[in-house]
Amino acid sequence: MRTLRSALTLCIAIALGTPSATYVALPGYAFKTNPNCQRHQPKTKFDKRCDWPRVGFKDFTPPLVTVLGI
């Protein structure tokens, strides 16, 4: 029972700790970007603070994750 409770607490913590920024594909931008972020790179280059994913794959769509990760 204790292990189940620990696993459930960990899943909830991961779900609540994920970034809540919305990344969208905008015309003229090379990567999906957060439109509310102040960019430090031109829109044709990858900006580590504003673009998704952090490693820079073009047209990447992150998978939909539920509370339990299923």
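Rules used throughout
- Each residue is numbered by its place in its chain's sequence as written, counting from 1.
- Restriction of local features to residues with pLDDT of at least 70 applies here, the model being predicted, together with a cutoff of 80 or more for giving and counting side-chain atom pairs; totals for whole chains, interfaces and linings are based on all residues.
- By convention in this description, side-chain values take in all heavy atoms of the structure and omit both hydrogens and water.
- Pairs were defined over the aromatic rings of Phe, Tyr and Trp, the Trp ring being its six-membered one, requiring ring centres within 6.5 Å. Orientation was assigned from the angle between planes: stacked under 30 degrees, edge-to-face over 60, tilted for the rest.
- A run of H or I in DSSP becomes a helix once it reaches four residues, and a run of E becomes a strand once it reaches two; helices and strands are each numbered from the N terminus.
- The classification of residues rests on relative accessible area computed with a 1.4 Å probe and restricted to protein chains. Under 20% of the type maximum is buried, over 50% is exposed, and intermediate values are partly exposed.
- We define a salt bridge as a contact between a side-chain nitrogen of Lys or Arg and a carboxyl oxygen of Asp or Glu at a distance within 4 Å.
- Sulfur atoms of two cysteines make up a disulfide when they are within 2.5 Å.
- Polar contact criterion, stated in full: a pair of N or O atoms within 3.5 Å, where within protein one must be able to donate a hydrogen and the other to accept it, and residues adjacent in sequence count only if both atoms are side-chain atoms.
- Every residue pair with non-hydrogen atoms within 4.5 Å of one another is taken to be in contact.
- The quantity called pLDDT is the predictor's confidence in a given residue, expressed from 0 to 100.

Draft legend 1. Fine view of the packing of aromatic side chains. Applying the stated criterion to the full structure yields one aromatic pair. When the ring of Phe31 is compared with that of Phe46, the centres are 5.0 Å apart and the planes differ by 80°; the resulting orientation is edge-to-face. Taken together, the residues Phe31 in the loop between helix H1 (2–17) and strand S1 (32–33) and Phe46 in the loop between S1 and strand S2 (51–52) connect sequence positions 15 residues apart. You can call Phe46 partly exposed: its relative accessible area is 24%.

Draft legend 2. Broad picture of the pattern of salt bridges. Applying the stated criterion across every chain, the model contains one salt bridge. With a shortest N-O distance of 2.9 Å, Asp51 and Arg39 are connected by a salt bridge. You can see Asp51 sitting in strand S2 and its partner Arg39 sitting in the loop between S1 and S2, a full 12 residues away along the chain. The class for Asp51 is buried, based on a relative accessible area of 1%.

Draft legend 3. Representation of the state of the cysteines within the structure. Applying the stated criterion across every chain, the model contains one disulfide. In this model, Cys37 is linked to Cys50 through a disulfide, with the two sulfur atoms separated by 2.0 Å. What sets the handedness of the Cys37 and Cys50 disulfide is the S-S torsion sign, and at about -65° it is left-handed. One end of the pair, Cys37, is in the loop between S1 and S2; the other, Cys50, is in the loop between S1 and S2, with 13 residues separating them in the sequence. For Cys50, a relative accessible area of 0% gives the class buried.

Draft legend 4. Just the side chain of Thr33, in detail. Mapped onto the secondary structure, Thr33 falls in strand S1. A polar contact is formed between the side chain of Thr33 and the backbone oxygen of Cys50, at a distance of 3.4 Å. Discounting residues that sit within four places of it in the chain, Thr33 has contacts with Thr22, Tyr23, Val24, Leu26, Arg39, Cys50 and Asp51.

Draft legend 5. Fine view of the confidence of the model for the chain. Per-residue pLDDT for the chain has a mean of 75; in total, 61% of the residues score no lower than 70. Looking over the chain, one finds the lowest element-wise mean pLDDT in H1, namely 74, and the highest in S1, namely 84.

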